[in-house]
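# Descriptive structure summary
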Amino acid sequence: MTTTLVRPTEDAKLRVMKNENWTKAVYETNGLNLWYGTAHALKNIDLSINEKEVTAIIGPSGCGKSTYLKTLNRMVENVGDVTISGNVTFMGNNILGKAMSVELLRSKVGMVFQKPNPFPKSIYENVAYGPKIHGIRNKAMLDMIVEDSLRKAALWDEVKDRLNKSAYSLSGGQQQRLCIARCLAVDPEVILMDEPTSALDPVSTHKVEELIRTIKNDVTIAIVTHNMQQAARISDRTAFFLNGEIVECDRTSTLFSTPTDERTEDYINGRFG
Amino acid sequence: MDRVLQSKINRRLTKDSAMKWLFGAVVAAVLGITFFLFYGIGADGVGRLNLSFFTNFGSRFPEKAGIKAALVGTLALMAVVIPVSMFLGLCSAIYLEEYAKKNKWTAFIEMNISNLAGVPSVVFGLLGLTVFVRALLLGNSILAAGLTMSLLILPIIIVASQEALRSVPDTLREASYGMGATKWQTIIHVILPSATGSILTGSILSFSRAIGETAPLIVLGIPVIVQFLPTGPLSTFTALPMQIYDWAKRPQPEFADAASAGIIVLMVLLITMNGFAIYFRNRSEKKLKS
Amino acid sequence: MTSIKPTEKLRTRDVIAAAKKNEKFGKIIPHLLLAVTSVTVLATFGIIYTLLKETFIFFQEVKITDFIFGTEWAPFSNADQAFGVLPLITGTLKIAGVALLIGVPFGLACAIFLSEYATPKIKKFIKPIIELLAGIPTIVYGFFALTVVTPWLQSFIPQLKLFNALSAGIVVGIMILPMIISLSEDALSAVPASFREGSYALGSTRFETAIKVVFPAAISGIAASIILAASRAVGETMIVSLAAGSTPVFNMDFTGSIQTMTSYIVQVATGDAGYGTTIYYSIYAVGFMLFLFTFLMNRAALYIKTKFREEY
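Residues numbered from 1 in each chain as written. Chains lettered and ligands numbered in written order. Predicted model: local features only at pLDDT ≥ 70, side-chain atom pairs only at ≥ 80, totals over all residues. Heavy atoms only, no water.

## Overview of the domain arrangement of chain B
Residues and elements named next belong to chain B. In terms of domain boundaries, chain B breaks down into domain 1 (2-46) and domain 2 (52-288). Between the C-alpha centres of domain 1 and domain 2 there is a distance of 36 Å. Of the residues lining the interface, six residues belong to domain 1; the matching set on domain 2 comes to six residues. Counting each side, the surface lost to burial between domain 1 and domain 2 is near 460 Å², with a carbon and sulfur contribution of 78%. The interface formed by domain 1 and domain 2 contains zero salt bridges. Taken together, the links from domain 1 to domain 2 amount to zero residue pairs in polar contact (both at pLDDT 80 or more). Grouping the constituent residues of the side of domain 1 that touches domain 2 by class yields three nonpolar, two polar and one charged. (Domains from an automatic or database assignment. Contact = heavy atoms within 4.5 Å. Buried area = accessible area lost by both parts, 1.4 Å probe. Salt bridge = Lys/Arg side-chain N within 4 Å of Asp/Glu carboxyl O. Polar contact = N/O pair within 3.5 Å; in protein donor to acceptor, adjacent residues only side chain to side chain. Nonpolar A, V, L, I, M, F, W, Y, C, P; charged D, E, K, R; others polar.)

Structure representation (structure tokens):
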């Protein structure tokens, strides 16, 4: 029998990363600039990502949307020659400062990538990976976390009989949901999704979207997508990026029905991108 | 006009197929030489392969000579070479692939490794003789020979392991870092397990190189006729290729047969190891294919 | 081991926050690994240092010009001991020359066949055999030269001695074959398919394409493979020690016994020259020459490969 983990309480959250400046926005970005070498990839980004909302980031390829997402868990630094200025706070904590441990940040901010990238390990080991590296060794507890995460990712019924099989035995869509389960296993505050369905077929895409709808009660989601219909279907707020700038950011329904900027209108009507 | 052109083309096509057969014949010749080599040696040695050949020590009398000490010595040598070279090689490969920044020092280390790979094995023998046998007073022991052989195969292990680490897709590293894993955790729990197969393949091939190497052992002064089994890492010993070398040099044809038999044992050992290497390579190819 | 478990009030994130973490360990790891990696640098310097140090002592006893330009090598002679290295270099070059004469045409023909003609199925059959050839210890090749190749050659070259440069050189050529084949084939396979397509579209045959288009495009990689193979032949020890004899001669005869730099080192090591004698130091001087030869050749191969690399 499974023990469902309880809903977050304000109290539990504060105990983990307490900071007095923390307001309702999980992420607060002010005047963020980023350069790859000399190429100016993000220009003066101001954006908030609100708690338990799905924030979609749309825009043509090369507009900086993925770069922005990877700045939020500082994966962008792995690219190499990157210069960042400005301010990004996560629950009131400056994440760009030297004092921020990226490991701590990433234990609270999961990431799902374009292509499903499960480890060449068993399904069980994939989900247990996060809790294990963060110091949970108790087998019973790991079992519980694995089951709970797979249930949340709507994958449990499909894989419960073959937890010890290689993750590569799963279909592409199942692999991607496994990757989401892997994120959920560390009970993150936020999950960043970088075009998570771009490598999937329509049926699998639908399942992942369903999944996003259910887990957003529990976790904040920022999703980069090139698929405007997807943004419209699943997100609460949408930010439109173009050439490294934010053109417009609003409630999804507003942005898609009455965009204020001409470029947004052109883009959502398919005139470019 | 067309007929002239066609006859020219026909001539070129004839030349083309002639060359194809010529190239094919060369390949066949190379295969033939390989076969001839194995057959020529194998036929002479098979007769000598009996139980006493494995249970006898080396001897002045060809009919009594056996490879007990040499076989055990080779295994003892490997007991030093495998852990030492694996430790040095794997650490170096991990450092160079996962940690090293692209600077002059790293380039210098890489250049050193490629230089080291080209140094003749007999020169490694001179290094071992000066440093391990004489300066460190290890004498002609298993340890001295093992350390020399480890240095000899180190560049091969490093390069093979680097390639193995490089073949692990970056998406797996991203996934692990994205979970908040540290670099070391990522290496231990994700990268190394994914690369194990290819690392083993490269390492086993270099171990078989170390098993067959003779020249460094000669320079280190490893003896040939040893009438006892090694008792510890500082014990003196003899090894299969040394034994074969000694028998091959002796004028009596009976010793040549013993050398052939020794070569069969050596080659069976090496081909078995090659088999394992191929097995691990195939397994790792399957594992990383998603 | 942590005793905190997720309960009604605690979430996984709380348990993770409470778990012990050892972050200091991760900080020292790169330094430890760098220290281990430096062993390779140490080994190179160790080789150069030991060779130089003992060679220096050798040159206090033998004049450096006598060594480099001397045409007589007679270290074991009591009456007229001589340390002129040219006979050893001659011997080494004879072996390398014969080896390349065998290895280059055969190796390149095999490489072209594998990269331009062979179907994947044939490749799959041939490649493991070539790998097997590459894995044979040189002592086995040496025995092959002595007991199979020399008697066979003697059947139509009657004046061939038991120990001779010819059969040792031929077998060294066989030994370097796998190296030439695999490195050259890599270079040929790296030539983009568009080159071949362009040639075929003009009506060229497969042979013309291979020789006039693919081969020239891969020439730097092929040249590098030949130089590397030559360096292997120069450094080869066991085949020469077993089959080529130990007579340092300064002539152009391939049918008689010779001595190479490597086989001289082996001869002294198996003999009873005492520690500290001139003979003892001479193996380091010869070893240093050998090291220089192979080092320069390997550098040259790398230089050619990177400097003249075709940018496709």
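Having seen it, we continue.
## A word on the nonpolar core
Core analysis: the largest hydrophobic core is formed by 269 residues, its most contacted members being Tyr27, Tyr68 and Leu150 of chain A. Broken down by element, the residue count for this core peaks at 15 residues, all from helix H4 (residues 86-117) of chain C. Taken domain by domain, this core gets at least three of its residues from each of domain 1 (2-46) and domain 2 (52-288) of chain B. Contacts of Leu150 of chain A, omitting those with residues within four sequence positions, involve Val127, Leu155, Trp156, Val159, Leu163, Leu178 and Ala181 of chain A. (Core = buried A, V, L, I, M, F, W, Y, C linked by side-chain atoms within 4.5 Å. Buried < 20%, exposed > 50% of the residue type's maximum accessible area, 1.4 Å probe, protein only. Helix = DSSP H or I, 4+ residues; strand = E, 2+ residues; numbered from the N terminus.)

## Examining the sheet that holds strand S1 (residues 25-36) of chain A
Residue and element names in this part refer to chain A. Taking strand neighbours across the sheet as the criterion, the four strands line up as S2-S1-S4-S5 in an open arrangement whose pairing is antiparallel. If you trace the sheet from one side to the other, it starts and ends with strand S2 (39-50) and strand S5 (93-94), each paired once. Strand direction decides the pairing type here: S1 and S2, joined by eight bridges, are antiparallel. Each residue of the ladder has a partner; that of Leu32, found in S2, is Ile45. (Pairing = 2+ DSSP bridges.)

## So, the side chain of Thr92 of chain C
All names here are of chain C. Secondary-structure assignment places Thr92 in helix H4. At a separation of 3.1 Å, a polar atom in the side chain of Thr92 contacts the main-chain amide nitrogen of Met261. In this structure, Thr92 is in contact with Val234, Gln259, Thr260 and Met261, ignoring residues within four places of it in sequence.

## Focus: the interface of chain C and chain B
At the interface, 72 residues of chain C touch 71 residues of chain B. Interface of chain C and chain B: buried area, both sides summed, is about 6,300 Å²; carbon and sulfur atoms make up 81% of it. For chain C, the biggest contributors to the area lost against chain B are Leu33, Phe143 and Phe207 of chain C; these three give 10% of the whole. Taken together, chain C and chain B are joined by two salt bridges. One salt bridge connects Arg281 of chain B with Glu131 of chain C, and the closest N-O pair in it is separated by 3.6 Å.

## Describing the pairing of strand S8 (residues 220-224) of chain A
Residues and elements named next belong to chain A. Most of S8 sits inside the fold, with five of its five residues counted as buried. Alignment of strand S3 (residues 54-58) against S8, held across four bridges, turns out to be parallel. Residue pairing across strands places Ile57 opposite Val224, the latter belonging to S8. Pairing between strand S7 (residues 190-194) and S8: five bridges, direction parallel. Across the sheet, the residue bridging to Leu192 is Ala222, located in S8. Chirality of the crossover, the property in question, places the unit of S7, helix H8 (residues 202-215) and S8 among those that are right-handed. (Right-handed = clockwise from strand over helix to strand, strands pointing away.)

## Re helix H12 (residues 261-270) of chain C
Extensive coverage of H12 of chain C is indicated by the burial of seven of its 10 residues. Listed as buried for H12 of chain C are Met261, Thr262, Ser263, Tyr264, Ile265, Val266 and Val268 of chain C.

## Describing the packing of aromatic side chains
For the coordinates displayed, the defined rule picks out 27 aromatic pairs over all chains. Note on Phe23 of chain B and Tyr117 of chain C: the rings are 5.7 Å apart at their centroids and 50° apart in plane angle, and the pair reads as tilted. In this pair, Phe23 of chain B is assigned in helix H1 (residues 2-46) and Tyr117 of chain C in helix H4, connecting two distinct chains. Residue Phe23 of chain B is classed as buried on the basis of its relative accessible area, which comes to 7%. Of the residues examined, Tyr117 of chain C reaches a relative accessible area of 8% and is grouped as buried. (Phe/Tyr/Trp six-rings, centres within 6.5 Å; stacked < 30°, edge-to-face > 60°.)

## Looking at a negative patch on the surface
Residue and element names in this part refer to chain B. On the surface, Asp44, Glu63, Glu254 and Asp257 cluster together into a patch of negative charge. Take Glu63: it is sitting in the loop between helix H2 (51-55) and helix H3 (68-99). Given the relative accessible area of 58%, Glu63 is considered exposed. (Patch = residues over 30% accessible without salt bridge, like charges linked within 9 Å, V, L, I, M, F, W, Y side chains within 5 Å. Areas by Shrake-Rupley, 256 points an atom, 1.4 Å probe, with all protein chains shown as cover. Lys, Arg positive; Asp, Glu negative; His and termini not counted. Charge placed at Lys NZ, Arg CZ, Asp CG, Glu CD.)

## Here's the deal with the sheet that holds strand S9 (residues 237-242) of chain A
Residue and element names in this part refer to chain A. As summarised here, the arrangement of the six strands in space is S6-S7-S8-S3-S9-S10, forming an open sheet in which the pairing is mixed. Either end of the sheet is taken by a strand with one partner, and the two such strands are strand S6 (109-112) and strand S10 (245-251). On average, adjacent strands in this sheet sit at an angle of 15° to one another, irrespective of strand direction. Looking at chain direction, S6 and S7 are connected through four bridges and run parallel. Bridged to Gly110 within S7 is Ile191. (Axes fitted to C-alpha atoms, helices over the stretch in contact; angles between N-to-C directions.)

## What about unusual backbone geometry?
Residue and element names in this part refer to chain A. For Asn44, which is not glycine, the phi torsion reads 45° and is therefore positive. With respect to the helices and strands, the residue Asn44 is situated in strand S2. Owing to a relative accessible area of 54%, Asn44 belongs among the exposed residues under this scheme. Residue Ala154 is not a glycine yet carries a positive backbone phi of 55°. Relative to the elements of secondary structure, Ala154 occurs in the loop between helix H5 (139-152) and helix H6 (156-159). Using a relative accessible area of 46% as the deciding quantity, one classes Ala154 as partly exposed.

## A closer look at the environment of Met86 of chain B
Residue and element names in this part refer to chain B. Tracing the backbone through its elements, the reader meets Met86 in helix H3. A C-alpha to C-alpha distance of 14 Å links Met86 and Arg209, two positions 123 residues apart in sequence. Not counting chain neighbours up to four residues away, the residues in contact with Met86 comprise Val81, Cys91, Ile157, Ile199, Ser203 and Phe207.

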